[in-house]
Amino acid sequence: IDRNLENENCRRWNTDYSVGDMVLLMEYTKIGKIKPKANGPYLIEQVFTNDTVTIRRTENVRERVDIRRINPYNKMEQELFR
């Protein structure tokens, strides 16, 4: 088990999220090829100590998600792949 945890943790990027950051929410679907699909960008409204954040999906909809499901939003990088 310890070896599996070490393998998982060595591939993880440490990103410190803060209120006001823009992130992409990864949606994993099994339709077609198995590739993660990113939605967003969404605004982080609150950061919690248990590795979760609250994002604002729409004006009245907020969702609490784990940081493993989000990626930092890089505007220039996203424009290159469109």
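Scroll up a little and you will see the structure.
Caption draft 1: Molecular detail of the pattern of salt bridges. According to the stated counting rule, one finds six salt bridges in the structure shown. In this structure, the salt-bridge partner of Glu 27 is Arg 57, at a minimum N-O distance of 3.1 Å. Remark: Arg 57 occurs in the loop between strand E3 (52-56) and strand E4 (62-66) and Glu 27 occurs in strand E1 (residues 22-28); sequence separation between them is 30 residues. The class of Glu 27 is partly exposed, set by a relative accessible area of 23%. Notably, a salt bridge pairs Glu 45 with Arg 56, separated by 2.6 Å at the nearest N-O pair. Of this pair, Glu 45 sits in strand E2 (residues 36-47) while Arg 56 is found in strand E3, placing the two residues 11 residues apart along the sequence. Note on Arg 56: relative accessible area 29%, which makes it partly exposed. A cluster of three or more residues bridged by salt bridges with shared partners is formed by Glu 27, Arg 57, Glu 63 and Arg 69.

What counts and how
- Residues numbered from 1 in each chain as written.
- Predicted model: local features only at pLDDT ≥ 70, side-chain atom pairs only at ≥ 80, totals over all residues.
- Heavy atoms only, no water.
- Salt bridge = Lys/Arg side-chain N within 4 Å of Asp/Glu carboxyl O.
- Helix = DSSP H or I, 4+ residues; strand = E, 2+ residues; numbered from the N terminus.
- Buried < 20%, exposed > 50% of the residue type's maximum accessible area, 1.4 Å probe, protein only.

Purely geometric numbers; function is a separate question.
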